[in-house]
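# Examining the three-dimensional arrangement
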Amino acid sequence: MSNLLDSMKAGYAGFVEDGQYLMLFMVALLLLWFSEDPKKNEFRKYCLVMMLILLFPVTAKILMVYQTAFYDYEDLWGLLPVTALISYGLVLAFIKMNAAHTNEYGRWKAATPKSKEYILEIVVSLVLSAILFLCGTLSLGKTMSAQVLGSERIPVEATEVLLQIKIPAQEKAILLAPDEIMTWARIYSGDIILPYGRNLVEPELSAYTYDIYQEDMLLLHDWINGTLPPCTDLQEAVWQDEMYLSLCASSEYDYMVFTAIRHESEVLAKALSVQKEYALFYETENYVIYKLQ
């Protein structure tokens, strides 16, 4: 239960960080609650019940167990028609605010000039638009290149590696790296192509599906992560690494990344010394990058 509460706090923090849309949802729900339109009664009840279910830890835990393991608590709020509700709430607010200043519904005793009604409509529209924008992130925008777009949330070590991936204009770069790098590669740049999808790196993404990879791709994944069963004979182990290096070159993988510890191993060092397809490109504290010649 404590993990769920932590997840709920993180979910709320995510809403706060990315914008106050949860608060705007509550405002829209309040507008609907006091609306006199009986046709939206079921809509109001459904939203209120779902909100209470998501706010109550026990029922929220049941929903988290039910859903695919890839999703977290904040994703449960997708069960609520947030976008539709916010849109309807803002439209309803516009109608009510605008009607308060018209001849038919408003408080004006004398006839209101049409020009004044138009001005009031514009003012109401600007006020509601300002509320919508103020509920978003208020941080100043930054100018980012395609290579660093989205890298602010990527771990420092992964960012340090991915910054070195040079992508020619109008082209792509194929990257093969350990899971902790591959997980963030496509988030860092959509121009980085991976030999296999994230569902191989994160098996929970394939939950409730029948998608499987061929054995050679599974072995490639284990090889780059250093989790292949070790060979008892040194020469056989070197030959195995040479085979995978040649396979990557024939597949035209532009970059390969190894952990510094694995790079210092005798087997991989010998295999890299005899091959001519890849050259040492860049080194960080924890990773070594090779580039296809």
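Calculation notes
Residues numbered from 1 in each chain as written. Predicted model: local features only at pLDDT ≥ 70, side-chain atom pairs only at ≥ 80, totals over all residues. Heavy atoms only, no water. Helix = DSSP H or I, 4+ residues; strand = E, 2+ residues; numbered from the N terminus. Buried < 20%, exposed > 50% of the residue type's maximum accessible area, 1.4 Å probe, protein only. Pairing = 2+ DSSP bridges. Salt bridge = Lys/Arg side-chain N within 4 Å of Asp/Glu carboxyl O. Patch = residues over 30% accessible without salt bridge, like charges linked within 9 Å, V, L, I, M, F, W, Y side chains within 5 Å. Areas by Shrake-Rupley, 256 points an atom, 1.4 Å probe, with all protein chains shown as cover. Lys, Arg positive; Asp, Glu negative; His and termini not counted. Charge placed at Lys NZ, Arg CZ, Asp CG, Glu CD. Axes fitted to C-alpha atoms, helices over the stretch in contact; angles between N-to-C directions. Parallel < 35°, antiparallel > 145°, perpendicular 65-115°, else oblique. Left-handed = near helix turned anticlockwise from the far one by under 90°. Contact = heavy atoms within 4.5 Å. Phe/Tyr/Trp six-rings, centres within 6.5 Å; stacked < 30°, edge-to-face > 60°. Polar contact = N/O pair within 3.5 Å; in protein donor to acceptor, adjacent residues only side chain to side chain.

## Brief notes about the overall build of the chain
Per the secondary structure count, the chain includes 13 helices and five strands. Taken over 293 residues, the chain has a buried fraction of 35%.

## A closer look at the pairing of strand β1 (residues 173-176)
Looking at chain direction, β1 and strand β2 (residues 192-193) are connected through two bridges and run parallel. When the bridges of β2 are listed, Ile174 appears paired with Ile193. Pairing geometry for β1 and strand β3 (residues 255-259), over two bridges, is parallel. Residue Leu175 lies in a different strand from β3, and its bridge partner there is Tyr255.

## With respect to the pattern of salt bridges
Pairs can form between side chains of opposite charge once their charged atoms are near each other. Scanning all chains against the criterion turns up two salt bridges. The salt bridge involving Lys172 is made with Asp191; its shortest N-O contact spans 2.9 Å. Residue Lys172 is located in the loop between α7 (156-162) and β1, and its partner Asp191 is located in the loop between α8 (179-188) and β2; the two are separated by 19 residues in the primary sequence. In this structure Lys172 comes out as partly exposed when scored by relative accessible area, which is 46%.

## Regarding unusual backbone geometry
Even without a glycine there, the phi angle at Glu252 is positive, about 60°. Counting through the fold element by element, Glu252 comes out in the loop between α11 (234-250) and β3.

## Quick word on a negative patch on the surface
Residues Glu157, Glu160, Glu180 and Glu285 make up a contiguous surface patch of negative charge. Structurally, Glu285 is set in the loop between β4 (278-283) and β5 (287-292). Using a relative accessible area of 70% as the deciding quantity, one classes Glu285 as exposed.

## A word on the packing of helix α10 (residues 215-224) against α11
Where α10 meets α11, the closest approach of the two axes is 11 Å, and the angle between their N-to-C directions is 115°. It follows from the interaxial angle that α10 and α11 lie roughly perpendicular. Between α10 and α11 lies a crossing whose hand is left-handed. Only Asp241, Tyr244, Leu245 and Cys248 of α11 make contact with α10, whose side of the interface consists of Leu219, Leu220 and Trp223.

## Some words on the sheet that holds β4
If you trace the five strands from one edge of the open sheet to the other, you get β2-β1-β3-β5-β4, paired in mixed fashion. Looking at strand neighbours, the two that pair on one side only are β2 and β4, the edges of this open sheet. The pairing of β3 with β5 spans five bridges and is classified as antiparallel. Each residue of the ladder has a partner; that of Met256, found in β5, is Tyr290. Relative to the sheet, α10 contacts β1 and β3, its axis offset from that of β3 by approximately 50°.

## Quick word on the packing of aromatic side chains
In this description, a pair of aromatic rings is defined by centroid distance and the angle of the planes. Scanning the model with the defined rule gives four aromatic pairs in all. Ring centres 5.6 Å apart and planes at 65° place the aromatic pair Tyr255 and Phe281 in the edge-to-face group. Placement of Tyr255 in strand β3 and of Phe281 in strand β4 is noted, with a sequence separation of 26 residues between them. Using a relative accessible area of 1% as the deciding quantity, one classes Tyr255 as buried. A residue is classified by how much of its surface remains accessible, and Phe281, at 32% relative accessible area, is partly exposed.

## Brief notes about a nonpolar patch on the surface
Residues Met97, Ile119, Val123, Val127 and Ile131 make up a contiguous nonpolar surface patch of roughly 380 Å² in combined accessible area. Examining the composition of the nonpolar patch, we find that four residues originate from one element, helix α6 (residues 114-134), more than from any other. Checked against the element boundaries, Ile131 lands in helix α6.

## Things to note about the side chain of Gln275
Looking at where Gln275 falls in the secondary structure, it is placed in the loop between α13 (266-274) and β4. Judged by its relative accessible area of 12%, Gln275 is buried. Among the polar contacts made by the side chain of Gln275, one reaches the main-chain amide nitrogen of Tyr278 at a distance of 2.8 Å.

## Some words on the side chain of Asp179
Among the secondary structure elements, Asp179 is positioned in helix α8. A polar side-chain atom of Asp179 sits 3.0 Å from a polar atom in the side chain of His221. When near neighbours in sequence (up to four residues on either side) are disregarded, Asp179 contacts Val201, His221 and Asn225.

## So, the pairing of β4
Of the strand pairs in this sheet, β4 and β5 are connected by five bridges, and their pairing is antiparallel. Paired with Glu283 across the bridge in β5 is Val288. Hairpin remark: β4 followed by β5, antiparallel, with three residues in the connecting loop.

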